[in-house]
Amino acid sequence: MGRGVRGVLLVGLLTALAVAGCGGPPTGPPSDPGGGAGGSTIPFGPTSTAPEFRHDVSTVTAAELGESWRPGCPVGPDQLRRIRLDYWDFDGRPQIGTIVVHRSVTAEVVEIFATLYRERFPIRRLQPVDTYAGDDDRSMADDNTSGFNCRRAVSGGAAKWSVHAYGKAIDVNPVENPYLVDGRVLPPAGAAYRDRSGHRPGTAVPGGVLVEAFAVAGWQWGGDWRSPDYQHFTRTGG
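What counts, and at which threshold
Residues numbered from 1 in each chain as written. Predicted model: local features only at pLDDT ≥ 70, side-chain atom pairs only at ≥ 80, totals over all residues. Heavy atoms only, no water. Helix = DSSP H or I, 4+ residues; strand = E, 2+ residues; numbered from the N terminus. Buried < 20%, exposed > 50% of the residue type's maximum accessible area, 1.4 Å probe, protein only. Areas by Shrake-Rupley, 256 points an atom, 1.4 Å probe, with all protein chains shown as cover. Pairing = 2+ DSSP bridges. Axes fitted to C-alpha atoms, helices over the stretch in contact; angles between N-to-C directions. Contact = heavy atoms within 4.5 Å. Salt bridge = Lys/Arg side-chain N within 4 Å of Asp/Glu carboxyl O. pLDDT = per-residue confidence, 0-100. Disulfide = S-S within 2.5 Å. Expected span 1.5 Å × (residues − 1).

Looking at the overall build of the protein chain
And then number 1: When its secondary structure is counted, the protein chain shows five helices and 10 strands.
And then number 2: Burial status across the protein chain gives 42% buried among its 238 residues.
And then number 3: Surface accessibility of the protein chain: about 13,100 Å² in total, with carbon and sulfur atoms responsible for 55%.

Printed below as a string of structure tokens:
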């Protein structure tokens, strides 16, 4: 190939490259930094965005309440609601739990748990007491956070219904927040948490996230009682 021919071809190639680099908009589809229709694939972690808090409220039947309810209880199944909602476990992972409460306090309970979720307050376990055949001792020993349970109050004196029997009380992380009554620690595993001087994950402390979330909703804390019930929060004060 002669020198003249090579020069013509080189000029043509440079011209084509210039046109390609300075032409109009690209013909292909734009990039999708959001991950496309499948959404983000960024794993949960300290630098990732937490999923939004979700909840669902539904009615509940006597059969669904299992042994946590029976005829003669102060409220019927029609007055109770099941709430499925998101929470954070002690490993910093989002979980879905369920709690049963009175229908009149559902909005308050949702707001309380939305606050706890937003603040990433850890909850060990969140499931209805019928999972434990209505046995409060078993539920506490499993460090389960629960609401409705048709049972009598634990404190001494004349027998009376617990506020839990009305669906207007919630016990949170019973092991980390034990009930100290008549020289007993309930549950027994909570003995390691009798000393409330230091802040530990999942505990209820004055001015802390847990106590304040319930206080804003108008609920009272059993940790202020003469026989402190650190796990116990109630709408009616009992």
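Considerations on the sheet that holds strand S1 (residues 55-59)
And then number 1: Ordered in space as S1-S2-S3, the three strands form an open sheet in which the pairing is antiparallel. Unpaired on one side and paired on the other, S1 and strand S3 (94-102) mark the two borders of the sheet. Looking at each pair of strands side by side, their axes are set apart by 20° on average, direction ignored.
And then number 2: Lying on the sheet, helix H3 (residues 106-118) is in contact with S1, strand S2 (80-88) and S3; it crosses S2 at an angle near 5°.

What about the side chain of serine 139?
And then number 1: Examined against the element boundaries, serine 139 turns out to sit in helix H4 (residues 136-141).
And then number 2: Looking at serine 139, the relative accessible area reads 1%, which means it is buried.
And then number 3: Excluding its chain neighbours within four sequence positions, the residues that come into contact with serine 139 are Val129, Tyr132, Asn144 and Ser146.

Brief notes about the sheet that holds strand S6 (residues 169-171)
And then number 1: On the basis of which strands lie adjacent, the open sheet formed by three strands has the order S6-S10-S9 and antiparallel pairing. Every interior strand has two partners, whereas the edge strands, S6 and strand S9 (220-221), have only one.
And then number 2: Examined bridge by bridge, S6 and strand S10 (residues 232-234) share three bridges and lie antiparallel to one another. Among the inter-strand pairings, alanine 169 is bridged to a residue of S10, identified as threonine 234.

Describing the pattern of salt bridges
And then number 1: Under the definition given, this model contains nine salt bridges.
And then number 2: Salt-bridge contacts for arginine 235 lead to glutamate 108; the nearest nitrogen and oxygen are separated by 2.7 Å. Taken as a pair, arginine 235 in the segment after S10 and glutamate 108 in helix H3 lie far apart in primary sequence, 127 residues in all.
And then number 3: Owing to a relative accessible area of 21%, glutamate 108 belongs among the partly exposed residues under this scheme.
And then number 4: Linked by salt bridges that have partners in common, Asp89, Asp91 and Arg93 make up one network.

With respect to the confidence of the model for the protein chain
And then number 1: Mean pLDDT over the protein chain: 84, with 78% of residues reaching 70 or higher.
And then number 2: Scored below 50 in pLDDT, residues 1-48 shows 10 contacts in the model against residues more than four places distant or in partner chains.

Here we look at the state of the cysteines
And then number 1: All told, the structure shown has one disulfide when counted by the stated rule.
And then number 2: Disulfide pairing is shown between cysteine 73 and cysteine 150; the S-S distance is 2.0 Å. With the S-S dihedral at roughly -110°, the linkage between cysteine 73 and cysteine 150 falls on the left-handed side. With cysteine 73 in the loop between helix H2 (62-65) and S2 and cysteine 150 in the loop between strand S5 (144-145) and S6, this pair connects stretches of sequence that are 77 residues apart.
And then number 3: Judged by its relative accessible area of 12%, cysteine 73 is buried.

Regarding H3
And then number 1: The first and last C-alpha atoms of H3 sit 18 Å apart over 13 residues, in line with the 18 Å expected at 1.5 Å per residue.
And then number 2: Every buried residue of H3 is accounted for by Thr106, Val109, Val110, Ile112, Phe113, Ala114, Thr115, Leu116 and Tyr117.

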